Amino acid sequence: MERQPLTRRLPKNYALVRDIVLAAGRGAHQSANEIYRKAREAQPSIGFATVHRGLGRLCELGEVMKIQLSGGDSAWYEPPARAHAHLHCDRCGHIVDVDYATAPRTLRSIAEREGVRIEAESLTFRGLCRTCARRRRKTP
Ligand SMILES: [Zn+2]
Ligand SMILES: [Zn+2]
């Protein structure tokens with residue numbers, strides 16, 4: 001069987017996990033459970049632990065991005081994209097992309113002021129997504 005150059009570096013199951021995340025497209029955020037469900041459709045013998053390990057490895061490799069919400073143990077995964085923030089909708093639970101990134105100058109001054117070293121930024125707002133916000137405005 002012919003192999004694609006991209007999948008050669010990764011174990012087959014990990015490549016499957018990556019393809020599921022990428023296939024969802026930009027702006028899609030899937031939980032490990034959703035990814036696992038889809039992986040099983042393609043590969044019924046795959047275990048949750050494999051999917052979970054695969055996601056961890058893919059994050060290390062930068063092939064998949066992970067969004068972790070503070071205060072919760074749930075995480076979402078998305079295709080790599082340029083820096084953006086997220087909004088977690090209080091009403092429908094969706095995670096949506098928000099076009100925002102802290103200016104490098106601000107990050108530098110925070111680091112200087114606090115004496116810390118900032119290596120990554122993960123920012124999540126809470127509120128209502130566009131659909132839920134519109135719905136609320138309509139309700140009297
Ligand atoms: Zn919503
Ligand atoms: Zn996102």
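Parameters at a glance
- Residues numbered from 1 in each chain as written.
- Chains lettered and ligands numbered in written order.
- Predicted model: local features only at pLDDT ≥ 70, side-chain atom pairs only at ≥ 80, totals over all residues.
- Heavy atoms only, no water.
- Salt bridge = Lys/Arg side-chain N within 4 Å of Asp/Glu carboxyl O.
- Buried < 20%, exposed > 50% of the residue type's maximum accessible area, 1.4 Å probe, protein only.
- Donors = N, O, S within 2.8 Å, 3.2 Å for Na, K, Ca; no water.
- Tetrahedral: all angles 85-135°; square planar, octahedral: opposite > 155°, others 65-115°.
- Helix = DSSP H or I, 4+ residues; strand = E, 2+ residues; numbered from the N terminus.
- Domains from an automatic or database assignment.
- Buried area = accessible area lost by both parts, 1.4 Å probe.
- Polar contact = N/O pair within 3.5 Å; in protein donor to acceptor, adjacent residues only side chain to side chain.

**With respect to the pattern of salt bridges**
If charged atoms from side chains of opposite charge come close, those side chains can pair. Per the stated rule, a full pass over the model turns up eight salt bridges. In this structure, aspartate 19 engages arginine 18 in a salt bridge whose closest nitrogen and oxygen atoms are separated by 3.3 Å. Owing to a relative accessible area of 3%, arginine 18 belongs among the buried residues under this scheme. Put simply, glutamate 119 and arginine 117 hold a salt bridge, and the shortest N to O gap is 3.0 Å.

**Quick look at the coordination of the zinc ion (ligand 1)**
Reference values for coordination geometry: four tetrahedral donors around a metal ideally subtend 109.5 degrees, six octahedral donors ideally subtend 90 or 180 degrees. Bound to the zinc ion (ligand 1) are the protein donor atoms Cys89 (SG), Cys92 (SG), Cys129 (SG) and Cys132 (SG), situated 2.3 to 2.4 Å from the metal. Each of the four donor atoms around the zinc ion (ligand 1) contributes to a set of angles spanning 103 to 115°, which defines the coordination as tetrahedral. We note that the donor set of the zinc ion (ligand 1) lies within a single chain, spaced as C-x2-C-x36-C-x2-C. Placement of the pair is cysteine 92 in the loop between β4 (85–89) and β5 (95–98) and cysteine 132 in helix α6 (residues 130–138), with a sequence separation of 40 residues. Cysteine 92 gets classed as partly exposed once you look at its relative accessible area, which sits at 36%.

**Comments concerning the domain arrangement of the protein**
According to the domain assignment, the protein consists of domain 1 (1–81) and domain 2 (83–140). Contact between domain 1 and domain 2 buries roughly 700 Å² in total, counting both sides, with carbon and sulfur atoms accounting for 57%. In terms of surface lost to domain 2, no three residues of domain 1 exceed His29, Ile67 and Leu69, which account for 50% of the buried area on that side. Counting every contact that joins domain 1 to domain 2 gives one salt bridge. The partner of aspartate 97 in a salt bridge is arginine 26, with the nearest N and O atoms 3.8 Å apart. Put simply, domain 1 and domain 2 have five residue pairs in polar contact (both at pLDDT 80 or more) between them. Among the secondary structure elements, those contributing two or more residues to the side of domain 1 that touches domain 2 are β2 (65–68) and β3 (75–78). By residue number, the principal contributor to the side of domain 1 that touches domain 2 is β2, which donates three residues.

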